[in-house]
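Residue strings, one per chain:
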Amino acid sequence: MTPQDGTFQRKAEPPVDAFLKGLWEENPVFVMLLGMCPVLAVSNTVVNALSMGMAATFVLVMSCALVSVLRKYIPKQVRIVTFIVIIATFVTIVDLVIQAISLEIYNALGAFIALIVVNCIILGRAEAYASKNDPMRAILDAFGMGIGFTIALVCLGGVREFLGFGTLFGVRVTPEAFEPWAIMILPPGGFITLGGWLLFFNWIKERKGRAAQGEAA
Amino acid sequence: MTSTNTVMPMAQPVSSFKMIRTVAGVSIMSGFMILAVVKATEARIENNKRVALADAVMAVLPDADTNKTFEVTGDGFRLVDTPVPGADRVYAGYDAEGRFVGAAFEAAAQGYQDVVRTLFGYSPERDCIIGFKVLESKETPGLGDRIGKDAEFLANFDGLDVALGADQTALAHAIAFVKRGEKTNPWEIDGITGATISSRAVAKMANERSQQVVPFIKRHLDQLKEGT
């Protein structure tokens, strides 16, 4: 699950890179294929996708910050337990805060807020990055990954809401004659859309790779 | 994988005490953090729930302008001041002239993910359920949560028959769940395709609670009409 050890030897990584790599190069959804459960489950509308992305980003940033601060005091043997406790704490906080902000959003996200605890992006970043880097880089890395996750969710949510409901942000954007594709809101629609995006991203990557090779030659 | 494991430096042996201390320390810290957030958000969450409930009562009793909360006791209803949500409560709605127009009551049942809490509006005059609203649900977004959004499903609760049987202690016809499009009687609930478990849960709670509450309301209707 974690990338090869060598990837994290680059101690001198500039902070900007720590942030940027989550957006594109190591995008948690489109490149690392992590956290698929919420990606497929709550990406049927843009608003759900955005709320889920923001909640997960908050948990990711706070957990990684705390893990990074405490990294020297956590014995290796109990690190996973400790990380999970820290992550669960912030998930509980998000859960309460969302209830305080709006019960409507809280009801819309259903069970998936609680399930942020087991989102492997968060444990993955805590284990692979935050526990080995200083707090500033850990926060930037977590923030980048969170934004990358949110972008991916919104990409899926946009396509699925547009085709499945004929709306965007709840506003109707298709003509009356458009018959919504119910399958796009259902789980198969999530898989189909994700497949489509992966195809698109890999195609771009391949094209870029070929262009770079061409220049070198 | 095995080759990387063998070259990885072994973790330093650490005393159990240190491990316990770390986990206990982090847990205590977590406890305090959660406690602080609970304290900070408690009032607002409580208030949000109250507002949501008040809105829901108005939504399920379309003719009501004001409402009063009654607690169910052994021998009738007792007026309570603060509208705190609770299972043993009935919310009576009154129109602008103060006439009793109907009562709302809560219901709950296990859905697909977790317990679904809902509110039903009941009109003793028409002998039927006149409104329905989901108060709290963790049903899957886009699937189970359609119990609160699907227009065709919600149409079930505009005139769902809950007339009492001859002995006035139970419904003449138990509320029954049927598959979408198979509804033929006014006491049947048309389910949602793709949200069968959630919509069946709604039908189940509608039946169970109506069987209890409707005969009780009928018996003590005068108290609600007087509003005391």
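Preceding this paragraph is the structure being described.
Read on for a plain summary of the structure.

## What to know about the overall build of chain A
Then, in step 1: Helices and strands together make up the secondary structure of chain A, namely 8 helices and 2 strands.
Then, in step 2: In sequence order, chain A lays out its α and β elements as α-α-α-α-α-α-α-β-β-α.
Then, in step 3: A compact globule built from 217 residues would reach a C-alpha radius of gyration of about 17 Å, and chain A, at 19 Å, matches this within 12%.
Then, in step 4: C-alpha atoms of chain A, sized along the principal axes, occupy 60 × 60 × 25 Å.
Then, in step 5: Intrachain contacts of chain A at a sequence separation of at least 6 include 77% that bridge at least 24 residues.

## Remarks on the overall build of chain B
Then, in step 1: On a plain count of helices and strands, chain B comes out with 5 helices and 9 strands.
Then, in step 2: Reading chain B from its N terminus to its C terminus gives the helix and strand order α-α-β-β-β-β-β-β-α-β-β-β-α-α.
Then, in step 3: At 24 Å, chain B has a C-alpha radius of gyration far larger than the 17 Å of a compact globule built from 228 residues.
Then, in step 4: Expressed as lengths along the three principal axes of its C-alpha atoms, the size of chain B is roughly 80 × 45 × 30 Å.
Then, in step 5: Scored against the burial criterion, the 228 residues of chain B give a buried share of 35%.
Then, in step 6: Across chain B, the fraction of contacts at a sequence separation of at least 24, relative to all contacts at a separation of at least 6, is 57%.

## Some remarks on the interface of chain A and chain B
Then, in step 1: The interface of chain A with chain B comprises 30 residues on the first partner and 31 residues on the second.
Then, in step 2: Looking at the side of chain A that touches chain B, the elements that each hand over two or more residues are α4 (79-101) and α5 (103-109) of chain A.
Then, in step 3: Per-element accounting of the side of chain A that touches chain B gives the leading share, 11 residues, to α4 of chain A.
Then, in step 4: A class-by-class count of the residues in the side of chain A that touches chain B yields 19 nonpolar, 9 polar and 2 charged.

## Some points on the nonpolar core
Then, in step 1: Counting residues in hydrophobic clusters, the biggest one holds 54 residues, and the most contacted among them are V59, L60 and C64 of chain A.
Then, in step 2: The set of elements that each furnish at least two residues to this core consists of α2 (36-41), α3 (46-70), α4, α5, α6 (120-128) and α7 (135-164) of chain A.
Then, in step 3: Among the elements that make up this core, the one with the highest residue count is α3 of chain A (13 residues).
Then, in step 4: Excluding residues that lie within four positions of it along the chain, L60 of chain A makes contacts with I121, I122, R125, A142, M145 and G146 of chain A.
Then, in step 5: If you look at the next biggest cluster of nonpolar residues, it comprises 47 residues, including Y94, L119, W187 and I192 of chain B.

## Some remarks on the packing of α4 of chain A against helix α2 (residues 16-60) of chain B
Geometry of a packed helix pair, given as the angle between the helix axes and the separation of the axes.
Then, in step 1: Running from N to C, α4 of chain A and α2 of chain B cross one another at 5 degrees; their axes reach a closest spacing of 8 Å. Between α4 of chain A and α2 of chain B, the angle is such that the two are roughly parallel.
Then, in step 2: Within the contact of α4 of chain A with α2 of chain B, the residues separate by chemical class into 14 nonpolar, 9 polar and 1 charged.

## Digging into the pairing of strand β5 (residues 115-123) of chain B
Residues and elements named next belong to chain B.
Then, in step 1: Within β5, 7 of the 9 residues are buried, which leaves it mostly tucked inside the rest of the structure.
Then, in step 2: One ladder, built from 8 bridges, connects strand β4 (residues 100-110) with β5; its direction is antiparallel. Paired with A109 across the two strands is V116, which belongs to β5.
Then, in step 3: Between β4 and the antiparallel strand that follows it, β5, lie 4 residues.
Then, in step 4: Hairpin connection, β5 to strand β6 (residues 128-136): the antiparallel pair is bridged by 4 residues, and D127 has positive phi, about 60 degrees.

## Let's talk about the packing of α3 of chain A against α7 of chain A
Residue and element names in this part refer to chain A.
Then, in step 1: Between α3 and α7, the shortest axis-to-axis distance is 8 Å and the interhelical angle comes to 165 degrees. Taken together, the axes of α3 and α7 are roughly antiparallel relative to one another. At the point where α3 passes α7, the crossing takes the right-handed sense.
Then, in step 2: Taken together, the residues that form the contact of α3 with α7 break down as 22 nonpolar, 8 polar and 2 charged.

## Focus on unusual backbone geometry
Residue and element names in this part refer to chain B.
Then, in step 1: Residue D127 is not a glycine yet carries a positive backbone phi of 60 degrees.
Then, in step 2: What makes D127 partly exposed here is the crowd of 17 C-beta atoms within 10 Å.
Then, in step 3: For Q168, which is not a glycine, the phi torsion comes out positive at approximately 65 degrees.
Then, in step 4: Take Q168: it is sitting in the loop between β7 (160-161) and β8 (176-178).
Then, in step 5: Exposure remark for Q168: the 10 C-beta atoms within 10 Å place this residue in the exposed category.

Cut-off values and rules
- Sequence order as written defines the numbering, with residues in each chain counted from 1.
- Ligands are numbered from 1 and chains lettered from A, in the order in which they are written.
- In view of the model being predicted, local features appear only for residues whose pLDDT reaches at least 70, and side-chain atom pairs are presented and counted only at 80 or more, with totals across whole chains, interfaces and linings using the full set of residues.
- Secondary structure elements follow DSSP: runs of H or I of four or more residues count as helices, runs of E of two or more count as strands, with numbering from the N terminus.
- Only C-alpha atoms enter the radius of gyration, while the globule expectation follows 2.2 Å times N to the 0.38, with N the number of residues.
- Once C-beta atoms are placed from the backbone, any two residues with those atoms within 7 Å are in contact.
- In this scheme every C-beta is placed from the backbone, and a residue whose C-beta has 20 or more other C-beta atoms within 10 Å is buried, one with 12 or fewer is exposed, and one in between is partly exposed.
- Three classes are used: nonpolar for Ala, Val, Leu, Ile, Met, Phe, Trp, Tyr, Cys and Pro, charged for Asp, Glu, Lys and Arg, and polar for all others, with Gly counted as polar.
- We call a set of buried Ala, Val, Leu, Ile, Met, Phe, Trp, Tyr and Cys residues a nonpolar core when their C-beta atoms link them within 7 Å.
- Convention adopted: a line fitted to C-alpha atoms gives each axis, helices being fitted over their contacting stretch, and angles between N-to-C directions are expressed from 0 to 180 degrees.
- Working rule for angles: under 35 degrees goes down as roughly parallel, over 145 as roughly antiparallel, 65 to 115 as roughly perpendicular, anything else as oblique.
- Pairing between strands is defined by DSSP: at least two bridges between them are needed.
- Helix crossings get a hand from a simple test, with the near helix turned counterclockwise from the far one by less than a right angle marking a left-handed crossing and a clockwise turn marking a right-handed one.

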